[in-house]
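# Residue-level structural notes
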Amino acid sequence: MKKRNIVVANWKMNPEMLDIAKEIFNNTRLTAKSLKNTDVCLCPPFPFLHPLLKLNYPKNMFLGVQNISSEIKGAFTGEVSAYMVKSLGASFSIIGHSERRAMGESNEMIRKKMQTAFDADLTPILCVGEKERDKDGNHLEFIKNQIKESLFGLQKKYLVGITIAYEPIWAIGKSYLDAMSPTDIHETVLFIKKIIGELFGRDIALGSKILYGASVEAENVSEIVRIGNVDGFLVGHASLVPKQFSAILKATDMKR
Ligand code: PGA
């Protein structure tokens, strides 16, 4: 079956108020409706999830969350479970974002979150990416290890269609001028597919979706679509700016 593109919006801890969230949502909805080959997933902060899910949105638009607990329920103050967000109607969860890893999430914990997401029938978007690149290719080993440990022991049936967002940490939250070059993105995407193939077999690799994230903006998105070999994007700051995000969605939709 033909793979659809997916663009995931990571709003992080933004915007400050529900009204603004609704405005961004509505603007995104208008563009989403016009797309043919692309799904859109908005990941707002938890408090905005329910009010946004009550609004109308097209079939190719979904809501997700930026994180879930590795536990199912119980005495875990401040945590939110996969089942809770699923019961509201969320479809996706970002897992292992570098900003969460920086707060102490290990690959082991991320693996547990992946399992929890699968159990709750929430589609996980696993984030991987190196802090820095070096000539010797140590960053590739780092990425490989992240993938291996985060997916270790998960049943193969869950890995069909697995979505991995490659986000080089050194390029996150900057401008398109500081993003990774489309050629380097292409190489890394191939590398990630190769690793998945080695670990889980060719079919899982072929069916996987690899997204790029880190300073994707209206200015660089088309080049990355053309050269980068990606199945979509994970977009941070530009997803909060309707004009920028709309351009990113339309450019992604050119890939069929
Ligand atoms: P950015 O963030 O688009 O602002 O670089 C991407 C991310 O952290 O997911």
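Relevant structure appears above.
Residues numbered from 1 in each chain as written. Predicted model: local features only at pLDDT ≥ 70, side-chain atom pairs only at ≥ 80, totals over all residues. Heavy atoms only, no water.

## Things to note about the sheet that holds strand β2 (residues 38–43)
Ordered in space as β1-β2-β3-β4-β5-β6-β7-β8, the eight strands form a closed barrel in which the pairing is parallel. Strand-to-strand twist of the sheet, defined as the mean angle between neighbouring strand axes without regard to direction, takes the value 25°. Across the face of the sheet, helix α6 (residues 138–151) comes into contact with β5 (123–128) and β6 (163–166) while running at roughly 150° to β5. (Pairing = 2+ DSSP bridges. Helix = DSSP H or I, 4+ residues; strand = E, 2+ residues; numbered from the N terminus. Axes fitted to C-alpha atoms, helices over the stretch in contact; angles between N-to-C directions. Contact = heavy atoms within 4.5 Å.)

## What about helix α11 (residues 242–253)?
Compared with an ideal rise of 1.5 Å per residue, which puts twelve residues at 16 Å, α11 spans 16 Å between its outermost C-alpha atoms and is within 8% of the ideal. Of all the positions in α11, only Gln244, Phe245, Ser246, Ile248, Leu249, Ala251, Thr252 and Asp253 are classed as buried. Elements that come into contact with the buried residues of α11 comprise β1 (5–10), α1 (18–33), β2, α10 (221–227) and β8 (232–235). (Expected span 1.5 Å × (residues − 1). Buried < 20%, exposed > 50% of the residue type's maximum accessible area, 1.4 Å probe, protein only.)

## Describing the site of the ligand
In the vicinity of the ligand, the residues found are Asn10, Lys12, His97, Glu167, Ile172, Gly173, Ala214, Ser215, Leu234, Val235, Gly236 and His237. At a separation of 2.7 Å, an oxygen atom of the ligand approaches a polar side-chain atom of Lys12. Between the ligand and His97 there is a distance of 2.8 Å, counted from an oxygen atom to a side-chain nitrogen or oxygen. Taken together, the residues of the shell around the ligand break down into four nonpolar, six polar and two charged. (Near = heavy atom within 4 Å. Polar contact = N/O pair within 3.5 Å; in protein donor to acceptor, adjacent residues only side chain to side chain. Nonpolar A, V, L, I, M, F, W, Y, C, P; charged D, E, K, R; others polar.)

## Observations regarding the environment of Ile195
For Ile195, the position within the fold is in helix α8 (residues 182–200). Looking at Ile195, the relative accessible area reads 1%, which means it is buried. Once residues lying within four places of it in the same chain are set aside, the contact partners of Ile195 are Lys144 and Ile147.

## Re the packing of α1 against helix α2 (residues 46–53)
Where α1 meets α2, the axes come as close as 10 Å, and the angle between the chain directions of the two elements is 55°. Put simply, α1 runs oblique to α2. Considering the relative orientation of α1 and α2, their crossing is right-handed. Contacts from Leu18, Ala21, Lys22 and Phe25 of α1 reach α2 at Phe48, Pro51 and Leu52. Looking at the contact of α1 with α2 residue by residue, the classes come out as six nonpolar, no polar and one charged. (Parallel < 35°, antiparallel > 145°, perpendicular 65-115°, else oblique. Left-handed = near helix turned anticlockwise from the far one by under 90°.)

## A few points about unusual backbone geometry
Each neighbour pair has its own omega, and for Asn14 with Pro15 the value is -10°, a cis peptide bond. For Lys12, which is not glycine, the phi torsion reads 55° and is therefore positive. Position of Lys12 relative to the elements: it lies in the loop between β1 and α1. A relative accessible area of 22% means that Lys12 is categorised as partly exposed. In this structure, Ala214 is a non-glycine residue whose phi angle is positive, near 130°.

## Digging into the pairing of β2
With respect to burial, β2 is a largely interior element, six of its six residues being buried. Burial along β2 is two-sided: Thr38, Val40 and Leu42 facing one way and Asp39, Cys41 and Cys43 facing the other are all buried. Here β1 pairs with β2 via six bridges, running parallel. When the bridges of β2 are listed, Val7 appears paired with Val40. Across three bridges, the pairing between β2 and strand β3 (residues 61–65) is parallel. Bridge pairing in β3 links Cys41 to Phe62.

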